[in-house]
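A look at the structure
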Amino acid sequence: MGPTASGKTGLAVELFKKFPVEIISVDSALVYRGMNIGTAKPDAATLAIAPHHLIDIIDPTDAYSAAQFRADALRLMADITARGKIPLLVGGTMLYFKALQDGLSGLPEADAAIRARLDEDAAKVGWPGMHARLTRIDPETAARLEPGDSQRIQRALEIWQVSGQTMTALFAKQSNEKLPYRLLKLALVPSDRAVLHQRIAARFDAMLEQGLLDEAARLRKDYPSLTPDSTSMRCVGYRQAWQYLDGEFGLVELREKSIAATRQLAKRQLTWLRGMDDTIELDCLNSNLLDSINCIIGQFI
């Protein structure tokens, strides 16, 4: 586990070469077909060396939930262990990790009427205003969400209105469905946040050079029903690319907004990691990181 740009994919590929593992992606953006550059999806050469499960499984017009991830991951983990291999779960979508370990059975079903009312409220005050409302109700959940993350803000407020309890409280009450696996939880945490920020900026510049804007334009053409509010288009980078293509701002502002949003994403991911139990924290900037992890995993196995 780790924030964006912490080197998870490269590390996973090296571990795949050394240990009898199969990789399961734990990333809510990598599930989408055609969204390759902006998600930093492993390229074809990398996937040929180290295949990843749960990449390119749905179209950008489709939805994919934490509950679906949990069901898919459990199925894959059973298949992998039946083959005599070890599941290696790699990614930065911390809600997926939590859903896998703890389950999601305590959350209420969606309520269309409440969602419609929340959409009406958001039209009046904006999603940052709705985020401020959530901060007053459930500060722990709000701290993990970007003020513009309409889908997750809406869901957290919906849960409160349906159940009278916050998402944080419901998570705490869950039955804690135990996984039939021993877990080794490795967290990549940078010793110097400034260096991670430099990595984020350099990676976004590389995405622009690789054709991120052309990719975003192609997605809009290939999937006419996509909108800026589609879950896939709310991914960091794509949201800003959409606004750029609509002429809302220029290239300089596109870069600034995208890098700032990615830094906020990394901050939220690190907030999740700090709240997780039984993790082994490793400095993703350490030049001896691979040796350290090889030793830890070797002893665990």
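Think of each chain on its own: its residues are numbered from 1, step by step along the sequence as written. The model is predicted, so local features are restricted to residues of pLDDT at least 70 and side-chain atom pairs to those at 80 or more, both for listing and for counting; the totals for chains, interfaces and linings are taken over all residues. As a convention, hydrogens and water are excluded, and side-chain values are obtained from all of the structure's heavy atoms.

1. Digging into the overall build of the protein
When helices and strands are tallied, the protein shows 13 helices and 5 strands. The globule rule puts the C-alpha radius of gyration for 301 residues at 19 Å, and the 19 Å found for the protein is close to it. Buried positions account for 46% of the 301 residues belonging to the protein. Any pair of residues with heavy atoms lying within 4.5 Å of one another is described as a contacting pair. Sequence separation of 24 or more characterises 74% of the internal contacts of the protein that already satisfy a separation of 6 or more. When the accessible surface of the protein is split by element, carbon and sulfur atoms take 51% of a total near 14,500 Å². Only DSSP runs of H or I with at least four residues qualify as helices, and only runs of E with at least two residues qualify as strands; both kinds are numbered from the N terminus onward. Put simply, the radius of gyration uses C-alpha atoms, and a globule should come to 2.2 Å times the residue count raised to 0.38. For each residue, the accessible area found with a 1.4 Å probe, counting protein chains only, is set against the maximum for its type, and the residue is called buried under 20%, exposed over 50%, and partly exposed in between. Computed by Shrake-Rupley with a 1.4 Å probe, the accessible areas treat only the displayed protein chains as cover when residues are assessed.

2. Some remarks on the pattern of salt bridges
Each salt bridge in this description consists of a side-chain nitrogen of Lys or Arg and a carboxyl oxygen of Asp or Glu lying within 4 Å of one another. Enumeration according to the criterion identifies 14 salt bridges in this entry. Here Glu14 ties to Lys17 by a salt bridge, and the two come within 3.3 Å at their closest N and O atoms. Note that Glu14 and Lys17 are positioned in helix α1 (residues 8-18) at a spacing of 3 residues, about one turn of the helix. By relative accessible area, Glu14 is classed as partly exposed at 33%. Judged by relative accessible area, which is 53%, Lys17 ranks as exposed.

3. Focus on the packing of helix α11 (residues 238-245) against helix α12 (residues 251-274)
A packed helix pair is summarised by two numbers, namely the angle formed by the two axes and the spacing between the axes. Every angle, taken between N-to-C directions, lies between 0 and 180 degrees, and every axis is a line fitted to C-alpha atoms, over only the stretch in contact when it is a helix. Closest axis-to-axis distance for the α11/α12 pair is 9 Å, and the angle between their directions is 165°. Comparing the axis directions of α11 and α12 gives the class roughly antiparallel. In terms of crossing hand, the pair formed by α11 and α12 is right-handed. Facing α11, whose interface residues are Gln240, Ala241 and Tyr244, α12 presents Leu251, Leu254, Lys257, Ser258 and Ala261. In this count, Pro and Cys sit with the nonpolar residues alongside Ala, Val, Leu, Ile, Met, Phe, Trp and Tyr, while Asp, Glu, Lys and Arg are called charged and the others, Gly among them, polar. By residue class, the composition of the contact of α11 with α12 is 5 nonpolar, 2 polar and 1 charged. Angle categories: roughly parallel below 35 degrees, roughly antiparallel above 145, roughly perpendicular from 65 to 115, and oblique for all the rest. Here a crossing is called left-handed whenever its near helix is offset anticlockwise from the far helix by less than a right angle, and right-handed whenever the offset is clockwise.

4. A short note on the sheet that holds strand β1 (residues 21-26)
Taken in spatial order, the 3 strands of this open sheet run β2-β1-β3, and their pairing is parallel. Of all strands in the sheet, those bounded by a partner on one side alone are β2 (52-53) and β3 (86-91). Along the sheet face, helix α3 (residues 66-82) touches β1, β2 and β3 and points at about 175° away from the line of β1. Pairing between two strands requires that DSSP report at least two bridges joining them.

5. What about α3?
What a helix should span is 1.5 Å times the count of its residues minus one. In a regular helix each residue adds 1.5 Å, so 17 residues correspond to 24 Å; α3 covers 24 Å between its end C-alpha atoms and thus fits that length. By the burial criterion, the buried members of α3 are Ala66, Phe69, Arg70, Asp72, Ala73, Leu76, Met77 and Ile80. Looking at the packing, one finds that the buried side of α3 touches β1, β2, β3 and α4 (94-102). Of the residues flanking the end of α3, it is Gly84, one or two places downstream, whose phi is positive at about 80°.

6. Some points on unusual backbone geometry
At Leu54, a residue that is not glycine, the phi angle is positive and equals roughly 65°. Mapped onto the elements, Leu54 comes out in the loop between β2 and α3. Positive phi, normally seen in glycine, also occurs at Asp56, with a value near 60°. Tracing the chain through its elements places Asp56 in the loop between β2 and α3. You can call Asp56 partly exposed: its relative accessible area is 32%.

7. A few points about the packing of aromatic side chains
Stacked, tilted and edge-to-face are the three classes applied to pairs of Phe, Tyr and Trp rings, where Trp contributes its six-membered ring and a pair requires centres within 6.5 Å; stacked means planes under 30 degrees apart, edge-to-face means over 60, and tilted covers the rest. Tallied over the entire structure, the rule returns 2 aromatic pairs. Taken together, a centroid distance of 6.3 Å and an interplanar angle of 65° make the contact between Tyr64 and Tyr96 edge-to-face. You can see Tyr64 sitting in the loop between β2 and α3 and its partner Tyr96 sitting in helix α4, a full 32 residues away along the chain. An identical accessibility class is assigned to Tyr64 and Tyr96; each is buried. Ring centres of Phe69 and Tyr96 lie 4.7 Å apart, and the angle between their planes is 15°; on these two criteria the pair is classed as stacked. Here the residue Phe69 occupies a position in helix α3, and Tyr96 occupies one in helix α4, the gap between them amounting to 27 residues. The pair formed by Phe69 and Tyr96 is uniform in burial state, with each residue classed as buried. Clustering of aromatic rings is evident, with ring pairs tying together Tyr64, Phe69 and Tyr96. One cation-aromatic arrangement involves Lys18 over Phe19; the distance from NZ or CZ to the ring centre is 5.7 Å. The rule for a charge over a ring is simple: NZ of Lys or CZ of Arg within 6 Å of the ring centre, and within 35 degrees of the ring normal. Just above the ring of Phe300 sits the side chain of Arg182; from NZ or CZ to the centre is 4.5 Å.

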